[in-house]
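# Coordinate analysis (summary)
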Amino acid sequence: MALPAIWATPKRVTLSFDRTAVAIIGGGPAGLAPLLAAHRRGRLADLLKEGITVVEQSGAVGEGSIGRWCINSDSTGFTFADCLAGPPESELAALRNHPLTKEFLEAGDGTVPLRSAGELLALIGQAMNGLIAATPNGRVLKRSRAISTRRTATGWLTLIRDVKTGRERTIDSRNVVLATGASQPAERLRGEVVAGVNLAERCGERLLQSGDVLSTSGFAAIAARLAALGRPPRVAIIGGSTSAAAVAHALLHRLPGVTFGPGGVTILHRRELRIFYPSVDAALADGYTEFGPDDICPISGRVYRLGGFRLDSRELIMRARGIGGRSPEPRLQLHRLGLDDAASLTLLDNADLVIAALGYRPRALPVFDEAGRPVPLLAGTSPQARLVDDRCRVLGASGNPLPHLFAIGLAAGFVPHGRLGGEPSFRGQANGLWLWQSDVGGLIVDAILSPSFGKDYSLELSALARVEQINATHELAV
Ligand SMILES: Cc1cc2nc3c(=O)[nH]c(=O)nc-3n(C[C@H](O)[C@H](O)[C@H](O)COP(=O)(O)OP(=O)(O)OC[C@H]3O[C@@H](n4cnc5c(N)ncnc54)[C@H](O)[C@@H]3O)c2cc1C
């Protein structure tokens, strides 16, 4: 990768901050998360005093892309509102009584539309924007896109470009937090092999990615395409994660103009489809025994806390699998890949649409060393490689953490461990906001401030909710 021209031009404008300043690149839910983690522990003022600059390419911070999905959440209403937890008189305390927050608290253990989650995060983002902008060293640079970041003797120099004017400038900060979200790269899809064949070559125009289907506009296009067939459609979904189940649920429940026949939707999955349970007793009471000691979170006692399906997806998979006395869902069939390739190929060939729900890859940012040479990242070395280590530090290609360069958010690859809990058998990414806004964001704040991170108010009886509600719903989304 060539060095961006600006590094060689003498005319660049440098916004200088002191050596302890933090540049947060991407002002979506993950970009806000370390700030909310600090707020939760009563340390937001300390963090803001360090000097925070948020760089966001859109016109607002907070919402990111979460509100664009046409489905319900797989985390509870309460967990979204819980990001406002903190000391009674904290900076965001007033928002706890906002009508939107109350809606989420009322949803409690239930699911909420992601569109509404986007609205709540936008509201919180607006408030956080005001708080940052009001501090002497704080700035929120909206409609500004980060292009790359380059190591310096004291930290990082990040090149940003005004989205409207194209004007470029650099931010000099000691720490950089990448929160640029994730994508479903087309090149990864082109290389995907299923049942021994190249998926893209086999399916051609019939192949889509889950992100294209679940966006509000994408879903409307799918509705029109399936309705135009004039017969019960057949859809094959490839993947065993929440996204695969979410696509199936949306197809079966959000398309009033389309009628699926028996087995009209098939989920083709490689790994077992696991069910979340709040406790071993609850699982056994349902006759669910597909777990061992490694599948139980040692902190919470929950079964498949990270890897199990939740809420709408859970209900659907339980119905399809006949678990817990649920009524059957004959329109959905489950097909395990790797057992009978011929049968898998028949399902793919007969499908009107094939939807790849294969997860996301982190966007990150091009990184350069002090000499201006590209620094390859571990995440770029294979389709599964993680962007960060267990402390949210961005990893170079050889697995070494890059100093003062952190990342958080969708597909960053953070795996909970130790006091963060989660079942030891979990292999994957924890993509839940609540975790980022508490312990994961806390790791970053810890690294930026001091290791003594202050009191955790999240389990306190706060203005937010009753303690029993908190205990019932402090969960992760995956
Ligand atoms: C279908 C789906 C459903 C989900 N459901 C849930 C759920 O129920 N509960 C839950 O907790 N989580 C859920 N998640 C996971 C996660 O919370 C969301 O994906 C969330 O939007 C991720 O936040 P993010 O900040 O990492 O990325 P994004 O929301 O994409 O935000 C990234 C931000 O960075 C900005 N940006 C990107 N590049 C640049 C750049 N170069 N310069 C400046 N700005 C930049 C973007 O404009 C954007 O504002 C879901 C994810 C998906 C895909």
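Residues numbered from 1 in each chain as written. Predicted model: local features only at pLDDT ≥ 70, side-chain atom pairs only at ≥ 80, totals over all residues.

### Here we look at the overall build of the protein chain
A tally of helices and strands in the protein chain yields 15 helices and 20 strands. By residue count, 49% of the 478 residues in the protein chain fall in the buried class. In the protein chain, the proportion of contacts linking residues at least 24 apart, taken out of those at least 6 apart, comes to 75%. (Helix = DSSP H or I, 4+ residues; strand = E, 2+ residues; numbered from the N terminus. Buried ≥ 20, exposed ≤ 12 C-beta atoms within 10 Å, placed from the backbone. Contact = placed C-beta atoms within 7 Å.)

### Some remarks on the site of the ligand
If you check the shell around the ligand, you find 34 residues, and the closest are Gly26, Gly28, Gly64, Gly181 and Gly409. At the level of secondary structure, the elements contributing two or more residues to the shell around the ligand comprise helix H1 (29–40), strand E5 (144–151) and helix H10 (242–253). Considering only residue class, the shell around the ligand consists of 14 nonpolar, 16 polar and four charged. Residue contributions to the shell around the ligand reach at least three from each of two domains, namely domain 1 (11–183 + 361–473) and domain 2 (186–273 + 309–356). (Near = placed C-beta within 6 Å. Nonpolar A, V, L, I, M, F, W, Y, C, P; charged D, E, K, R; others polar. Domains from an automatic or database assignment.)

### Here we look at the confidence of the model for the protein chain
Per-residue confidence for the protein chain gives a mean pLDDT of 90; residues scoring 70 or more make up 90%. Across residues 1–11, where pLDDT falls below 50, the model places 13 contacts with residues more than four positions away in sequence or in other chains. Confidence drops under a pLDDT of 50 for residues 452–478, and excluding neighbours within four residues, the segment shows 68 contacts in the predicted structure. (pLDDT = per-residue confidence, 0-100.)

### Some words on the sheet that holds strand E3 (residues 52–55)
Overall, mixed pairing links the six strands, which are arranged E4-E3-E2-E8-E20-E19 in an open sheet. Each edge of the open sheet is held by one strand with a lone partner, namely strand E4 (139–141) and strand E19 (393–395). Shown here is a sheet whose adjacent strand axes are inclined to one another by a mean of 30 degrees, direction ignored. The pairing of E3 with E4 spans three bridges and is classified as parallel. Paired with Val55 across the strands is Leu141, a residue of E4. (Pairing = 2+ DSSP bridges. Axes fitted to C-alpha atoms, helices over the stretch in contact; angles between N-to-C directions.)

### Topic: the packing of H1 against helix H5 (residues 114–133)
Taken N-terminus to C-terminus, the directions of H1 and H5 make an angle of 55 degrees; their axes are 11 Å apart at the nearest point. By the angle between their axes, H1 is oblique relative to H5. Every pair of crossing elements has a handedness; the one defined by H1 and H5 is left-handed. Across from Pro29, Leu32 and Leu35 in H1, the residues of H5 making contact are Leu121, Ile124, Gly125 and Met128. The class makeup of the residues in the contact of H1 with H5 is six nonpolar, one polar and no charged. (Parallel < 35°, antiparallel > 145°, perpendicular 65-115°, else oblique. Left-handed = near helix turned anticlockwise from the far one by under 90°.)

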